[in-house]
Amino acid sequence: MTLPALQNTSVLYRRILSQFPQDISLAFAYGSGVFKQNGTSQGQMGKNMLDFVFAVDDPVTWHTMNLMQNRKHYSVLKFLGPRKISRIQEEHGAGVYYNTLVPVDGRIMKYGVISTDSLIDDLLHWKTMYIAGRLHKPVKILVQGENGKMRAALVGNLKSAVTASFLMLPESFSEEDLLLQIAGLSYAGDFRMVIGEDRSKVANIVKENVQHFRILYNNILQECPQVVYKPQQGKLEVDKSPEGQFVQLMALPRTLQQRITRLVDPPGKNRDVEEILLQVAQDPDCGSVVQQGISSIVKSSSITQTAKGIATAGLLKSLSYSTKKLQKMWKGWRMKTP
């Protein structure tokens with residue numbers, strides 16, 4: 001199964017991609033420069049930064065070529081060479097190396113580089129949820145290779161987002177409730193939602209992009225045996241019995257199961273994961289425990305990746321980027337204030 005892609009990749013994206021090494025297994029664009037958000041005009045969209053992620057099979061080779069083609073994109077870390085840059089990418093933060101505030105074809109872009117193996121690992125197991133979380137929401141797929149594991153992991157990640165959201169929602173809920181829950185997964189526990197991001201961000205993303213979300217999730221909801229999905233009415237009913245919740249908990253990504261286990265199991269007991277999840281499935285606060293588990297994953301990866309971003313972007317670019325984020329947060333706050 002192929003992840004649904006938004007068609008009609010524009011000339012702009014093709015021109016941008018042509019300026020980078022072509023050994024890319026997956027490339028996608030995301031964010032407010034690509035998708036309209038509530039309260040943003042088309043004119044404002046054209047001024048917003050374009051966000052990209054490139055998954056590459058061999059980061060050392062890719063950075064070697066990119067340093068030759070686009071040396072100016074890198075901070076002072078370029079003097080360390082491609083091997084060290086790749087080690088920083090792989091061993092710190094969420095496994096992503098970002099170059100930001102890069103001028104290209106009259107726009108400003110930010111692009112993250114992640115190894116194909118690291119991306120597949122995050123999609124399947126939610127080790128950091130940093131890129132997996134971005135792929136819970138609509139993205140513009142620009143390049144997708146023939147890697148079968150990648151294709152399966154992309155769809156598996158969407159199924160995991162649905163399962164986790166079911167556990168945090170009541171027995172009956174609206175399609176909008178589900179989409180808000182899914183879109184909010186990767187922001188739960190993110191310290192940047194306290195300072196640095198517009199707190200209306202999740203609602204703004206969903207409101208203007210319901211149709212794009214449906215492209216991603218419609219088939220998954222239609223085929224899921226644990227939910228009654230009524231698309232015409234925009235209503236869903238999910239199995240909230242202990243048995244149903246246990247099946248859902250057992251289907252969650254491995255890292256999230258481990259985080260839930262740590263929250264529930266007192267030190268020294270060392271019960272197995274299945275036994276603990278059976279206990280959680282019968283707990284009236286099951287959804288809250290799942291929420292805490294997700295928050296703990298997102299919190300740690302958002303802090304470490306942001307710290308790494310200061311080094312990979314350089315101090316001046318980091319200050320400029322942070323200032324723009326704070327301005328967006330202030331604007332969102334002012335719009336909500338009567």
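Keep in mind it's a predicted model, so treat the numbers as computed, not measured. (Residues numbered from 1 in each chain as written. Predicted model: local features only at pLDDT ≥ 70, side-chain atom pairs only at ≥ 80, totals over all residues. Heavy atoms only, no water.)

1. A few points about the pattern of salt bridges
Argument step 1. The full count for this structure, using the stated rule, is 8 salt bridges.
Argument step 2. The residue aspartate 51 makes a salt bridge to lysine 110 at a minimum N-O spacing of 3.3 Å. In this pair, aspartate 51 is assigned in strand S2 (residues 50–56) and lysine 110 in strand S4 (residues 107–115), connecting sequence segments 59 residues apart. Of the two residues, aspartate 51 and lysine 110, both sit in the buried class.
Argument step 3. A salt bridge links glutamate 175 to arginine 214; the nearest nitrogen and oxygen atoms lie 2.7 Å apart. With a gap of 39 residues between them, glutamate 175 in helix H8 (residues 175–184) and arginine 214 in helix H10 (residues 210–223) connect regions that are remote in the sequence. (Salt bridge = Lys/Arg side-chain N within 4 Å of Asp/Glu carboxyl O. Helix = DSSP H or I, 4+ residues; strand = E, 2+ residues; numbered from the N terminus. Buried < 20%, exposed > 50% of the residue type's maximum accessible area, 1.4 Å probe, protein only.)

2. Describing unusual backbone geometry
Argument step 1. Even without being a glycine, tryptophan 126 presents a positive backbone phi close to 55 degrees.
Argument step 2. Along the chain, tryptophan 126 falls in the loop between helix H5 (116–125) and helix H6 (130–134).
Argument step 3. We note that methionine 129 has phi near 60 degrees; this positive angle belongs to a residue other than glycine.
Argument step 4. Inspection of the secondary structure assignment puts methionine 129 in the loop between H5 and H6.
Argument step 5. We classify methionine 129 as buried; its relative accessible area is 2%.

3. A short note on the sheet that holds strand S3 (residues 96–104)
Argument step 1. As summarised here, the arrangement of the 5 strands in space is S3-S4-S2-S1-S5, forming an open sheet in which the pairing is mixed. Strands at the two margins of the open sheet, each flanked by one partner only, are S3 and strand S5 (140–144). Direction aside, the axes of adjacent strands within the sheet are offset by 20 degrees on average.
Argument step 2. Relative to S4, S2 runs parallel, the two being bridged by 7 bridges. Among the inter-strand pairings, valine 53 is bridged to a residue of S4, identified as glycine 112.
Argument step 3. Strands strand S1 (26–30), S2 and S4 of the sheet are contacted by H5, whose axis makes an angle of about 85 degrees with S4. (Pairing = 2+ DSSP bridges. Axes fitted to C-alpha atoms, helices over the stretch in contact; angles between N-to-C directions. Contact = heavy atoms within 4.5 Å.)

The analysis is restricted to geometry; functional conclusions fall outside its scope.
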